[in-house]
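# Geometric and topological summary
Residues per chain, in single letters:
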Amino acid sequence: MRPVSKPASSLNNKTGSWRVYKPETDYNICIGCSLCAKLCPDACINMEAQKNMAGKLKPETDYDYCKGCGLCAKECPVKAIKMVKDF
Amino acid sequence: MRPVSKPASSLNNKTGSWRVYKPETDYNICIGCSLCAKLCPDACINMEAQKNMAGKLKPETDYDYCKGCGLCAKECPVKAIKMVKDF
Amino acid sequence: MINKNTKKFISPGHNACAGCGELSAAQAVMRGLNEKVIIANATGCLEVTTTSYPESAWGLPWIHSLFENAASVASGILAALKQKGDLETKVIVQGGDGGTYDIGIGLISGMWERGENILYICFDTEAYSNTGIQASGATPYGAATTTTPNGLTSIGSTTRKKDMLGIALAHGVKYVAQSTAGFPDDITNKVKKALTINGPAYIQILCPCIPGWKINYDEAAMMAKLAAQTGLYPLLEYLDGKLITSSVTATFKPVVVNDYLKGQGRFSHLKDEDLKMIQKIADENVAKYKI
Amino acid sequence: MINKNTKKFISPGHNACAGCGELSAAQAVMRGLNEKVIIANATGCLEVTTTSYPESAWGLPWIHSLFENAASVASGILAALKQKGDLETKVIVQGGDGGTYDIGIGLISGMWERGENILYICFDTEAYSNTGIQASGATPYGAATTTTPNGLTSIGSTTRKKDMLGIALAHGVKYVAQSTAGFPDDITNKVKKALTINGPAYIQILCPCIPGWKINYDEAAMMAKLAAQTGLYPLLEYLDGKLITSSVTATFKPVVVNDYLKGQGRFSHLKDEDLKMIQKIADENVAKYKI
Amino acid sequence: MKNNNKQLLEGSRAIALTIKAIKPGVVSAYPITPQTHIVEDLAKFKAEGQEPYEYVRAESEFAAASIVLGASATGARTYSATSSQGLLLMAEVIYNISGNRLPVVMTVANRAVSAPINIWNDHSDIMGMRDAGAILLFAENHQEAIDQHVLAYKIAESLSLPVFVNVDGFITTHSYESCEIPSSKLVAKFLPTYKAKKGEFLDPQNPITMGVFAGPEYYFDFRRTLQNDLLSSAKLIETEYKRWKNIFPTDKKEAAVKIDNGLIEYYGPKNPKTVLVTLGSVAGTIKQVIDDNGVKNSTGLLKVRCYRPFPEKAIKQALKGVKQVITIEKAYGLGHEAPLCSDLAVTLYGEKTKLKSHIVGLGGQDVTEKEISKIIKTYETV
Amino acid sequence: MKNNNKQLLEGSRAIALTIKAIKPGVVSAYPITPQTHIVEDLAKFKAEGQEPYEYVRAESEFAAASIVLGASATGARTYSATSSQGLLLMAEVIYNISGNRLPVVMTVANRAVSAPINIWNDHSDIMGMRDAGAILLFAENHQEAIDQHVLAYKIAESLSLPVFVNVDGFITTHSYESCEIPSSKLVAKFLPTYKAKKGEFLDPQNPITMGVFAGPEYYFDFRRTLQNDLLSSAKLIETEYKRWKNIFPTDKKEAAVKIDNGLIEYYGPKNPKTVLVTLGSVAGTIKQVIDDNGVKNSTGLLKVRCYRPFPEKAIKQALKGVKQVITIEKAYGLGHEAPLCSDLAVTLYGEKTKLKSHIVGLGGQDVTEKEISKIIKTYETV
Amino acid sequence: MTHQLIQTRVHGRGGQGVVTAAELIALAAFYEGKESQAFPFFGVERSGAPIMAFARISNHKIKTREQVYHPDYLIIQDDSLIYDAGILSGCLANTKILINSSKNQAEIFQEFKKASKSNKQILKIKIENIYTTPATEIALEFIGRNIVNTVILGALAKHGTLFSLESLKKAITYKLSTKGANILQKNLAATEKIYATS
Amino acid sequence: MTHQLIQTRVHGRGGQGVVTAAELIALAAFYEGKESQAFPFFGVERSGAPIMAFARISNHKIKTREQVYHPDYLIIQDDSLIYDAGILSGCLANTKILINSSKNQAEIFQEFKKASKSNKQILKIKIENIYTTPATEIALEFIGRNIVNTVILGALAKHGTLFSLESLKKAITYKLSTKGANILQKNLAATEKIYATS
Ligand SMILES: Cc1ncc(C[n+]2csc(CCOP(=O)(O)OP(=O)(O)O)c2C)c(N)n1
Ligand SMILES: Cc1ncc(C[n+]2csc(CCOP(=O)(O)OP(=O)(O)O)c2C)c(N)n1
Ligand code: SF4
Ligand code: SF4
Ligand code: SF4
Ligand code: SF4
Ligand code: SF4
Ligand code: SF4
Ligand SMILES: [Mg+2]
Ligand SMILES: [Mg+2]
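Note that the structure is a prediction, hence the values are computed from the model and not measured.

Scoring rules and cut-offs
- Residues numbered from 1 in each chain as written.
- Chains lettered and ligands numbered in written order.
- Predicted model: local features only at pLDDT ≥ 70, side-chain atom pairs only at ≥ 80, totals over all residues.
- Heavy atoms only, no water.
- Near = heavy atom within 4 Å.
- Helix = DSSP H or I, 4+ residues; strand = E, 2+ residues; numbered from the N terminus.
- Buried < 20%, exposed > 50% of the residue type's maximum accessible area, 1.4 Å probe, protein only.
- Contact = heavy atoms within 4.5 Å.
- Buried area = accessible area lost by both parts, 1.4 Å probe.
- Salt bridge = Lys/Arg side-chain N within 4 Å of Asp/Glu carboxyl O.
- Polar contact = N/O pair within 3.5 Å; in protein donor to acceptor, adjacent residues only side chain to side chain.
- Arc of directions from axis to C-beta.
- Donors = N, O, S within 2.8 Å, 3.2 Å for Na, K, Ca; no water.
- Axes fitted to C-alpha atoms, helices over the stretch in contact; angles between N-to-C directions.
- Parallel < 35°, antiparallel > 145°, perpendicular 65-115°, else oblique.
- Nonpolar A, V, L, I, M, F, W, Y, C, P; charged D, E, K, R; others polar.
- Least-squares fit on C-alpha atoms with pLDDT ≥ 70 in both.
- Pairing = 2+ DSSP bridges.
- Areas by Shrake-Rupley, 256 points an atom, 1.4 Å probe, with all protein chains shown as cover.

### Things to note about the site of ligand 8
As a structural note, the neighbourhood of ligand 8 is formed by D:Ala16, D:Cys17, D:Cys20, D:Glu22, D:Cys45, D:Ser129, D:Cys209, D:Ile210, D:Pro211 and H:Arg46. Near ligand 8, the surrounding residues are drawn from chains D and H.

Structure (C-alpha cells):
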C-alpha cells in the first residue's frame with residue numbers, strides 16, 4: 001500500500017453536491033468567448049463545437065462538479081450566465 | 001552543569017606551544033604603526049606606550065599565545081619583524 | 001480548446017473552495033503545460049484540495065513531499081531524469097506564497113544557485129490559506145490575517161510584501177514573471193514562454209482567496225484584475241535580468257487602490273491614512289515597473 | 001588602542017589555525033564593537049575554535065546554537081531585550097559563508113523580512129572551512145574544494161558566487177557592506193558605522209583560510225588585499241540601497257586576477273581559459289561597482 | 001455544587017487564556033493545523049493591546065523554536081506551540097534547547113506525521129521526540145491542559161529544562177467543554193516572575209559564553225547531568241502539581257479516581273485484574289466505558305500524565321499485583337514495539353504482569369467506546 | 001591463509017568504493033564531520049570522470065534528503081550520508097521518505113548531538129530517529145560496513161523502504177584496516193540494476209500522484225502496512241545476507257562466533273552466564289576482552305547488526321537461558337531507560353533473565369578494555 | 001438524577017458556522033447548569049463543502065470523546081444537504097430532525113425518501129420527528145445575510161428539550177459580543193422571531 | 001605463532017600528515033602479511049596545533065578499538081613537541097622513541113628531563129630507547145619542503161621491527177600515487193637516504 005493515486009481520479013468526487021446556486025447559460029446571449037471556461041476553478045465548463053454554428057463554441061457546464069461559485073456568471077462579458085437557486 | 005564558559009577563559013590555553021618559528025621585532029626599525037597588532041589573528045601583539053618616546057607605540061608580542069604564523073612579519077610595512085626558529 | 005476531449009491536468013472533483021482564485025489560476029497554468037512535465041508541489045491549498053486519497057485531480061506525474069522542500073525534491077527529480085538521459089521532460093515546482101516566501105525560501109535559493117533548469121510557480125494568496133489565513137512574507141501592508149489581526153493596537157500586517165521578484169533576480173534567475181488570476185491567458189502564455197527557457201525560471205501569480213480575502217465566491221477574478229490595474233500587482237516579465245514586458249506601460253492609467261481594497265474584508269478596518277500608505281506603495285510600483 | 005589593558009573581545013588562546021584570516025578579520029570586527037552587544041554565532045571555525053569547553057575566547061555575551069539558526073536566535077534575543085525595555089544593546093549575528101549563503105539563508109531572509117535592528121556579519125572563507133573545505137554557495141568559479149575537486153572532468157567549482165549583497169539589497173537591508181581581511185581598519189569602521197544603523201545591516205568580509213585556500217601561514221592578509229585590488233572582492237558600502245562607497249573608484253587600476261590566483265593552491269590547476277573567465281568576472285565587478 | 005468560575009471554552013482558547021495569565025515575555029510560533037487557534041488567539045490578545053509580550057512572527061518552525069531559544073537564553077519567559085511536521089522540523093533545535101538547559105515551554109497539538117499527510121490526531125509526532133531531553137506532559141481534557149501549562153513553567157524554570165504539554169489535536173484543541181482558567185494573580189502566587197540566574201543568560205553585565213563546544217572529556221558529564229536532572233524531576237512534578245491543585249482546585253474528586261497526582265491518575269476499581277494504560281484524551285472514552293460497565297467491571301485505567309521522565313516508581317506501585325496491562329497507544333514504534341508499551345516493559349520487567357499493546361486512532365480514526373469495550377472483553381476472557 | 005583481495009583502507013574510503021561498485025544514479029549530501037570523507041571521495045571519483053552518477057551539491061541536509069527523495073521517486077537509485085546535527089535536521093524528510101516508501105539508502109556516521117556541540121562518536125543521533133520508519137543496520141568494522149551497504153540496497157529496493165547503515169564516527173570512518181571491496185560485477189550478481197515498478201514512480205508515461213493526503217479512513221492502513229512490512233523485513237534481511245556472504249565470503253569464521261547472520265552475531269562461550277548486547281564498533285573491544293579473559297570466561301557478546309526492525313525472535317533464541325543481559329549502549333533514552341535496553345525489555349519480557357544497561361562512550365569518550373572488563377567483573381560476581 | 005445524555009449532530013456547509021452552532025448548543029445548556037461538550041468533524045473540504053459538528057449535553061460529567069453516531073437531534077442548516085449520502089447516518093426512529101427549509105414536514109420527508117432510495121439506504125426516521133423552519137428567510141429578513149447558524153437554534157429551543165430561549169440568547173450574546181451591538185441585536189431578534197413562529 | 005601486538009603513537013602538528021604517518025605504518029605492515037590498524041585522535045585544533053594518531057600491528061586479527069595508552073613506539077615528528085604535556089603519556093621503560101631532530105640522543109633525553117620536570121611528571125623512558133633522526137634536513141634536501149611524515153618512517157624501518165624498507169616504499173608508493181611521479185620519487189629517495197644514514 002503506497003500513498004499514490006491514479007490520475008484524474010478526483011472525477012469520482014462529485015462536487016456538484018456543494019452547489020446552492022446553479023449557473024444557467026443563455027446560449028442566445030453567449031458569444032462563445034471561452035472566458036468562463038478559462039476561469040472556472042473546477043474546470044467544469046467545456047467549450048463544445050456546435051453543428052451549423054460556424055465554429056462558435058458552446059459552453060457546457062458539468063453540473064456533476066460545478067460548485068456554483070458564480071465566477072463564470074460574474075465574469076461573462078455579455079452576462080449570459082445567471083445564477084439560480086438549485087433545489 | 002551548563003554548557004557555559006566564562007569570558008576570556010581561553011587565556012588558560014597557551015597556544016605558544018604551537019609555534020615553530022618565532023617573530024622577533026627589531027624596535028629600531030619598527031615605526032609603531034600598529035598594523036601587526038591589528039592583523040594578528042591571536043590578538044597577541046600589544047602596542048604599549050614607551051617612556052620618552054613621544055607617543056611612539058611599541059609592539060610587544062605575547063609569546064604565551066603567539067602561534068608563529070608570520071602574518072605580522074609579512075605585513076609589517078618596514079619589515080621590522082623576523083621569523084626565527086623557536087627551539 | 002477546453003472541451004470534453006481536452007486532457008485536463010487538474011480534473012474537476014477537487015475540494016478547493018467554490019470560486020477559489022488559486023485553482024482558477026492553476027487551471028490556466030495547466031493549459032500552458034504539456035505531457036512531458038513532472039510537478040513537485042509544496043503543501044498548501046493546491047495540494048491538499050487536489051489529492052485526498054484515493055482520489056487525485058492531477059493528470060501529470062506529480063509529487064508532494066513537504067511544505068518546505070518542493071524545490072529540492074525538484075532538483076532530485078531533475079538529477080534522476082538527467083541520469084536516465086531524459087533531457088526533454090520539464091521539472092516544475094508549485095508552491096503557495098507561504099511555501100515560497102517563507103519556509104521554503106532557503107531551499108529555493110539552493111536550487112537557483114545550482115542553476116538548474118526548473119520552472120518555479122508561486123501561487124500567491126498573500127497568506128497561509130490552507131491553515132486558516134495566517135500572515136506570510138507575502139501578506140501586504142494593512143491586511144488583517146489570523147496572526148496579524150487588526151485590533152485596538154494593530155492595523156493588521158505592518159510589514160510590506162517581501163520582494164520575491166527582486167530576490168529571484170539577485171539569484172540570476174533567467175526568466176522572472178508576474179501575473180494575476182484575473183488574466184488566465186497571460187498566465188498560460190507566461191508558462192509557455194517559461195517552458196522554452198533553459199535554466200531557472202520563476203512565475204508568481206496573485207490568487208485571491210475567498211475566506212482569506214473575505215470576498216464573495218464570485219469575486220476572485222475581479223479582485224485579481226484590480227490588483228494589476230491599481231499597479232499593486234502589475235503583469236511583468238524579466239528575461240536575463242531585464243524587464244521586457246509590463247502592464248505598466250506609458251499609457252497606464254492606474255485605478256485608485258481603494259477600489260481594490262474596499263471590497264475585501266481583510267482591509268475593511270483600514271483608515272484613510274492607511275489607504276494613503278497603500279496608494280503610495282502602488283505609486284512606487286508604477287514608477288518601478290514602468291516600461 | 002590595542003594594549004595590555006584593552007579589553008579584547010576575542011582573547012588569545014583560541015584554537016584557530018596559525019595565521020587564520022577569519023580570526024584576523026574577527027579581531028578587526030571586535031574592535032568596532034562596544035560592551036553593549038550580544039552575539040549569536042553560527043557553527044563554523046569562528047565558533048569551534050573559540051569555545052572549547054571549559055575555555056572561551058569571547059569577552060562579550062555570546063551564544064552558539066546551531067549551524068543554520070543564528071539569525072533566528074538573534075531575533076529571539078532582540079525580542080527578549082525589547083520586552084525587558086533594553087533598547088540599547090545591539091544584537092549581532094556572526095556566521096561563515098556556509099552558514100550565510102547556504103544552510104542559514106532561509107532564516108536570514110525571515111529575520112530581514114521582520115525588519116529587525118540586527119547586524120549580520122558574514123565571514124566569507126569561500127568554503128566550509130570547519131569541516132575540511134567543502135564548496136559553499138560562496139565558493140568562486142574554478143576553486144577546488146573537497147566536494148568540487150579538480151580532476152579529469154572537473155575544473156573545480158563550476159558555479160559562481162551567489163550574489164549575497166544583491167539578495168540583501170532585495171530584502172531592503174538598510175546598510176550593506178563588503179570588506180576583506182586585508183583591510184582591518186576598513187572592517188572596524190564599517191562595523192562602527194553599522195552600529196549606528198537602526199534596522200537590518202549586513203557586512204560581508206572575505207577571509208582567506210590557510211588550508212582552504214592552500215596558502216602559507218603568513219599570506220591571509222596579502223591574499224585578502226589582492227582580492228580587493230583585482231576587483232574580485234571590492235570594498236563596498238550601500239546605504240538604503242544606494243552604493244555610497246567603493247574601492248572601485250574612477251582611478252581604480254585593477255591588478256590582474258592571475259596575481260591573486262597563482263599563489264593559492266585551490267586555483268593551481270586552472271588553465272589559461274579558466275583564468276580568462278575569472279578575469280571576466282573581475283571586469284564585470286569593476287563595471288558594476290564603479291562609483 | 002457547580003463551580004461558578006467555569007467557562008465553556010474551546011481547548012485552544014483555554015490554553016491561550018492560560019498562557020496569557022502566565023505572562024510570557026516572548027511568544028513565537030509558526031502556524032500548523034491543529035495548533036493554529038492557540039497562536040491566533042495570542043495574536044488577537046496582543047492586537048487588542050492587552051498583552052505586553054513580544055509576538056514574533058516566524059517564517060518556519062525551525063525559526064520559531066530558534067527564536068524562543070534565543071529569547072530564553074536572554075532570560076525571557078517564552079512560549080511556542082506546534083504540531084506534527086512542525087515538531088519534526090524543530091527536531092534539531094529541540095535537542096539544542098534541552099542541551100542548553102533552557103526552560104522553553106511549548107504546547108504540542110498532537111497530530112499524525114507525513115507521509116501520507118494527515119492533519120488529525122495521533123501521537124506519532126511527539127513520540128519521535130521522546131528522547132530529545134524535554135519533559136513531556138499529556139493532558140486528557142481542557143482542565144488538565146490548563147493546569148499542566150502552569151505546572152510546565154514552574155518545572156521548566158525550576159530545573160532549566162524544556163517542558164512540552166501535549167494535547168490531542170482537534171479532540172482537545174477544537175472541542176468545547178467547561179473548564180476554569182486561573183487568574184494571573186493566582187498564577188503569580190504559584191509561579192513567580194521569571195528571573196534567569198546571573199551568569200546563566202546573555203547579559204552585557206555578565207558576558208558569558210553559551211552553547212560551547214565540549215570535547216570527549218566533558219561531553220559525557222553534560223549528558224549525565226541532563227539525564228539525572230530529568231529523572232529526578234519526577235519528584236518535583238509530583239509536589240508542585242499538588243501545591244498547584246491546592247491553590248487552584250477545580251473539580252471534585254470522583255470516587256473512581258484512586259490515584260491522582262502530577263505523574264499519573266488511576267481510575268477504576270480497587271483491585272483490578274486488568275489495567276489499560278494510556279496518554280491523553282482517549283482516557284475519557286475509556287473512563288466512559290468503565291463507568292458504563294458498572295459493578296461487574298474489573299478493569300481500571302492508568303493515565304500517564306507525565307510521560308518523560310517516565311514515572312517508573314509511581315507506575316510500578318500503581319500496577320502492583322495487576323494480572324494484565326494493556327496499553328492503548330496512538331503511535332507505532334516503527335520496526336518494534338509501541339513506545340508506551342516499551343516503557344512499561346522496562347518498568348514492569350521481572351513482574352508477573354502480562355503486557356500487551358493496542359494501537360488505536362492513528363491519523364484521527366475515531367476511537368469509539370465499542371472499540372475499547374472490545375479490547376477489554378478480549379482480555380477479560382483470557 | 002591470507003585473502004589477497006584485501007586492502008588497507010580508511011573506513012570512509014571503503015564505504016565510498018562500495019557505493020561506487022553499487023552504481024547509484026543520484027548522490028546528494030551535505031558535509032558534516034565525521035561523514036565528510038565519504039562524500040568527498042564520491043566527489044573525487046566523479047571529478048575523475050569515473051562515475052556516471054549525478055552528484056548534486058545540496059545547501060543543507062534538509063535539501064540533500066529531499067533531493068534523494070525526489071530522485072528516488074523518479075526511479076533512480078540514490079545515496080546520501082550524514083551525521084548528528086545533519087540527521088536531526090533531516091528528521092521531517094526521513095519520516096516522509098519512509099511514509100512514501102522510497103528505497104533511499106544512507107550512511108549515518110554516528111556522532112553525538114548538540115548541545116553542547118561535540119563532533120565525536122556516540123549513537124544519540126540515530127537513536128532519535130529509530131521510530132522514523134527506516135531499517136537500521138549497524139556495522140562493527142569496515143568489512144561489515146561494506147557488506148551492509150550492499151545488503152541495504154537489496155532490502156531497500158525489494159521492500160520499498162529506506163535503509164540506513166550506521167558506522168561509528170571517526171572510530172570506523174577515519175580508521176584504517178584491512179577489508180575487501182566487492183567488484184561492481186560481483187555486486188551486480190546480487191543486486192540487479194534498479195528499475196522502479198511501473199505506476200510507482202514519477203513518469204510522464206504513467207502520470208501518477210505521489211505523496212497524497214490521507215484522511216482518517218485511510219491513514220491508519222498506510223501506517224499498519226508500513227509497520228508490518230518493517231517487521232517482516234527481518235526475514236529477508238537474514239536470507240539476503242546469507243546469499244550475499246555466499247557470493248562474497250571475506251573472512252574465515254572464528255571459533256568464538258556461534259551465530260552469524262544478517263540480524264545478529266553471537267561471540268563467546270556456548271552457555272554464557274552473562275551476555276553483553278551492543279551495537280557497532282565497541283563490539284570489537286568487547287571481543288578483545290572476551291579473548292583476553294581466555295578459558296575462565298563465561299561472558300558472551302551479542303552484537304545486534306539489524307536494530308530496526310528489532311529482531312525479537314533471533315535475539316530471544318540467542319539469549320535463551322542466559323542469566324543476565326547487560327546492554328553496552330552509546331545513547332541515553334533521556335528521561336527513561338536507554339533504547340537498546342528498552343527493546344530488550346520488550347523482547348525478554350516474562351523471561352527470568354536479568355537485564356541492565358550501561359551507557360558508555362558518549363561524545364567520543366574512549367571505551368577502553370578496562371572499562372568493559374570492569375563491567376563484566378561487576379556482574380560476574382553477582 | 002438519572003443519567004441523561006443528549007447528542008446532537010449539526011450538518012451544514014463550510015463557511016456557514018456549523019461549528020458555532022454546535023458550540024452554541026453546548027453553551028446554552030452549560031448556562032442551564034448542565035454539562036456539555038461540542039466539537040467539529042473536520043475534513044479537507046473548503047467553503048461550500050458539506051461539513052458537520054457534534055454536541056453532547058448531560059447532567060453528568062461528559063467523558064467520552066467518540067463522535068456522535070446516533071444523534072438524538074439532527075440539525076440541517078441547508079436543505080440542499082438532504083441528498084448528501086451520510087446525512088442520516090445513525091438516525092433512528094426517535095431522532096428529531098430540525099431542518100432549515102421553506103418546505104413543510106411532508107415535503108421534506110418525501111425528499112428524504114427520494115434521497116435514501118438513490119443512496120440505497122433504509123430510512124429509519126419518522127415523519128413526525130421532522131421539524132422544518134424557514135431560517136434562511138428569517139435570517140435574510142432580520143440579519144440581511146444567509147447566516148442561519150444562530151437563527152435555527154431558536155427553533156431548536158422551541159421544539160427541543162435542550163435549553164430555553166433565554167439560555168440560547170445568553171449564549172448568542174456571549175458568542176457575538178466581539179461582532180458589535182448591531183449584529184448581535186439582529187441575531188437575537190431573528191432568533192426570537194423564529195422561536196415565536198415555530 | 002605467539003600473539004604479538006605492537007602499538008605506535010605518532011605526534012605531530014595539524015597539517016604535517018600525522019594521520020598519514022600512522023596509515024603508512026599500518027600499510028607497510030599490512031604488505032608484510034600482518035594485521036594492522038591505524039586511526040587518528042582528532043581534536044578541534046587546527047593547522048599548527050599538536051595532534052596525534054595511532055597504529056597497531058599484530059599477527060592476529062585486531063579487534064579492539066580503544067586508543068593506544070602504552071605505545072611500544074612513539075614517533076615525534078617535530079622536536080618542539082617535547083614540551084607538550086601529554087607527549088610521554090603511557091610511555092614506559094621499553095617504549096622506543098623516534099624523534100625528528102638535529103639533536104642527538106643525549107640532548108633529547110635532557111630535553112625530556114627538563115620537560116617532565118616542568119610538567120611535574122615522572123620520566124619512565126630510557127635514554128637508550130631514544131632514536132633521533134634529522135628528518136627535516138633530509139626532507140628539505142630531497143623534497144624541498146618540511147614534510148617529514150614519510151621520511152621519518154625510513155628511520156623507523158631501520159630501528160624498529162615493524163616492517164622492512166621495501167614494504168615502506170611500497171606503502172609510500174601507494175599513498176602518493178595520485179601526487180605525481182616527481183613527488184613520489186623525491187619521497188622515496190628521502191626515505192632511502194634516511195634509512196641508509198640512520
Ligand atoms: C513544516 C510545516 N509547517 C507547517 C505546516 C502547515 N501548513 C500546511 S500548508 C500551510 C500554509 C500554506 O500557505 P501557502 O504556502 O501560502 O499556500 P496556500 O495554502 O495559501 O495556497 C501551512 C502553514 C506544514 N504542513 N508543515
Ligand atoms: C545541520 C548541520 N550540518 C552540518 C554541520 C557541519 N558543519 C559545521 S560548520 C560547517 C561549515 C562551516 O562553514 P562556514 O559557514 O563557511 O564557516 P567556516 O568554518 O568556513 O568559517 C559544517 C558543514 C552542522 N554543524 N550542522
Ligand atoms: S459556477 Fe463556478 S464552478 Fe460552476 S461552472 Fe461557474 S465557475 Fe465553474
Ligand atoms: S463567458 Fe459568457 S460569452 Fe464567454 S463563453 Fe462563457 S457564457 Fe459565453
Ligand atoms: S607592523 Fe611593523 S612597524 Fe608597524 S607596529 Fe608592527 S612591527 Fe612596528
Ligand atoms: S606570528 Fe602570528 S600569532 Fe605570532 S604575533 Fe605574529 S601574527 Fe600574531
Ligand atoms: S482557502 Fe483560499 S486558496 Fe484555499 S481553496 Fe479556499 S479559496 Fe482557494
Ligand atoms: S580552517 Fe581556515 S578559517 Fe578555519 S581556523 Fe583554519 S584558517 Fe581559519
Ligand atoms: Mg498562500
Ligand atoms: Mg567558510
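Structure shown, so let's carry the discussion forward.
### Notes on the environment of F:Val105
Residues and elements named next belong to chain F. For Val105, the position within the fold is in strand β5 (residues 105-110). For Val105, a relative accessible area of 0% corresponds to the buried category. Spatially, the C-alpha atom of Val105 lies 28 Å from that of Val346, the residues being 241 residues apart in sequence. With near-sequence residues (within four places) excluded, Val105 lies in contact with Thr78, Tyr79, Ser80, Ala152, Tyr153, Ala156 and Val163.

### A short note on unusual backbone geometry
Going from F:Thr33 to F:Pro34, the amide bond is cis rather than trans, its omega being 0°. One can find F:Pro34 in the loop between β2 (26-29) and α2 (36-47). Backbone geometry at C:Ile133 places phi at a positive 65°, although glycine is not the residue there. Among the structural elements, C:Ile133 can be located in the loop between β4 (118-124) and β5 (150-151).

### A short note on the interface of chain C and chain A
Each partner contributes to the interface: chain C provides 37 residues, whereas chain A provides 34 residues. Considering only the surface of chain C that becomes buried against chain A, C:Ile2, C:Pro12 and C:Asp218 emerge as the three largest contributors, covering 19% of it. Our enumeration of links across chain C and chain A arrives at 3 salt bridges. The partner of A:Lys38 in a salt bridge is C:Asp185, and the shortest N-O contact between them spans 3.0 Å. Here chain C is connected to chain A by 23 residue pairs in polar contact (both at pLDDT 80 or more).

### Looking at helix α3 (residues 135-142) of chain G
All names here are of chain G. Every buried residue of α3 is accounted for by Ala135, Ile138 and Ala139. For α3, the arc enclosing every buried residue in end-on projection is 100°, short of the 170-degree limit, so these residues lie on one face. Contact partners of the buried residues in α3: β5 (96-100), β6 (130-133), α4 (151-159) and α6 (181-197). Backbone geometry just after α3 places Gly144 at a positive phi near 85°.

### Looking at the coordination of the magnesium ion (ligand 9)
Residues and elements named next belong to chain C. Taken together, the protein ligands of the magnesium ion (ligand 9) are Asp97 (OD), Thr125 (OG1) and Ala127 (O), with distances of 2.0 to 2.2 Å. One chain supplies every donor for the magnesium ion (ligand 9), spaced along it as D-x27-T-x1-A. Of the two residues, Asp97 is situated in helix α4 (residues 97-102) and Thr125 in the loop between β4 and β5; the sequence distance between them amounts to 28 residues. Across this residue pair, the class does not change: Asp97 and Thr125 are buried.

### Section: the packing of helix α3 (residues 70-84) of chain C against helix α5 (residues 105-113) of chain C
For any two helices packed against each other, the geometry comes down to the angle between their axes and how far apart the axes lie. Residues and elements named next belong to chain C. Relative orientation of the contacting elements α3 and α5 amounts to 30°, with a least axis distance of 7 Å. Accordingly, the angle class assigned to the pair α3 and α5 is roughly parallel. Contacts between α3 and α5 involve Ala71, Ser72 and Ser75 from the first element and Leu107, Ile108 and Met111 from the second. Split into classes, the residues belonging to the contact of α3 with α5 amount to 4 nonpolar, 2 polar and no charged.

### With respect to the arrangement of the chains
Taking contact number as the criterion, the leading pair out of 20 pairs of chains in contact is chains E and F. Nothing in chain D touches chain G, and the closest approach of their C-alpha atoms is 28 Å.

### Side note on the relation of the copies chain F and chain E
Mapping chain F onto chain E is achieved by rotating through 180° and translating by 0.0 Å along the same axis, at an RMSD of 0.0 Å. On the angle and the small slide along the axis, the relation comes out as a two-fold axis. A high fraction, 99%, of the interface residues of chain F reappear at the interface in chain E, so the copies pair face to face through one surface.

### Considering the coordination of the magnesium ion (ligand 10)
Around the magnesium ion (ligand 10), the protein supplies D:Asp97 (OD), D:Thr125 (OG1) and D:Ala127 (O) as donor atoms, at distances of 2.0 to 2.2 Å. Judged by its relative accessible area of 6%, D:Ala127 is buried.

### Some remarks on the sheet that holds strand β11 (residues 264-267) of chain E
Residues and elements named next belong to chain E. Spatially, β10-β11-β13-β12-β15-β16 is the arrangement adopted by the 6 strands of the open sheet, whose pairing is mixed. The sheet terminates laterally at β10 (257-260) and β16 (354-359), the two strands that pair on one side only. Within this sheet the neighbouring strands show an average axis-to-axis angle of 20°, counted without direction. As defined by bridge partners, strand β15 (residues 324-329) adjoins β16 across 6 bridges and the pair is classed as parallel. Bridging across to β16, Gln324 finds its partner in Lys354.

### Some details on the sheet that holds strand β2 (residues 35-41) of chain H
Here 8 strands make up an open sheet; going across it, the order is β1(F)-β8(F)-β2(H)-β3(H)-β1(H)-β4(H)-β5(H)-β6(H) and the pairing mixed. The two strands at the open ends of the sheet, each matched to only one other strand, are β1 (7-10) of chain F together with β6 (130-133) of chain H. Shown here is a sheet whose adjacent strand axes are inclined to one another by a mean of 20°, direction ignored. Where β2(H) lies against strand β3 (residues 50-58) of chain H, 7 bridges are found, and the strand directions are antiparallel. Bridge pairing in β3(H) links H:Pro40 to H:Ala53.

### Points about the site of ligand 1
In the neighbourhood of ligand 1, 24 residues make up the surrounding shell, with C:Glu22, C:Cys45, C:Asp97, C:Gly98 and E:Glu61 lying closest. Close to ligand 1, residues of chains C, E and F are found. Between ligand 1 and C:Asp97 there is a distance of 2.8 Å, counted from an oxygen atom to a side-chain nitrogen or oxygen. Contact with the protein chains removes 99% of the 580 Å² of surface that ligand 1 exposes when unbound. Listed by contribution, the elements that provide at least two residues to the shell around ligand 1 are α4 of chain C together with α4 (84-89) of chain E. Element by element, the count of residues in the shell around ligand 1 is highest for α4(C), at 3 residues. In terms of residue class, the shell around ligand 1 is made up of 9 nonpolar, 10 polar and 5 charged.

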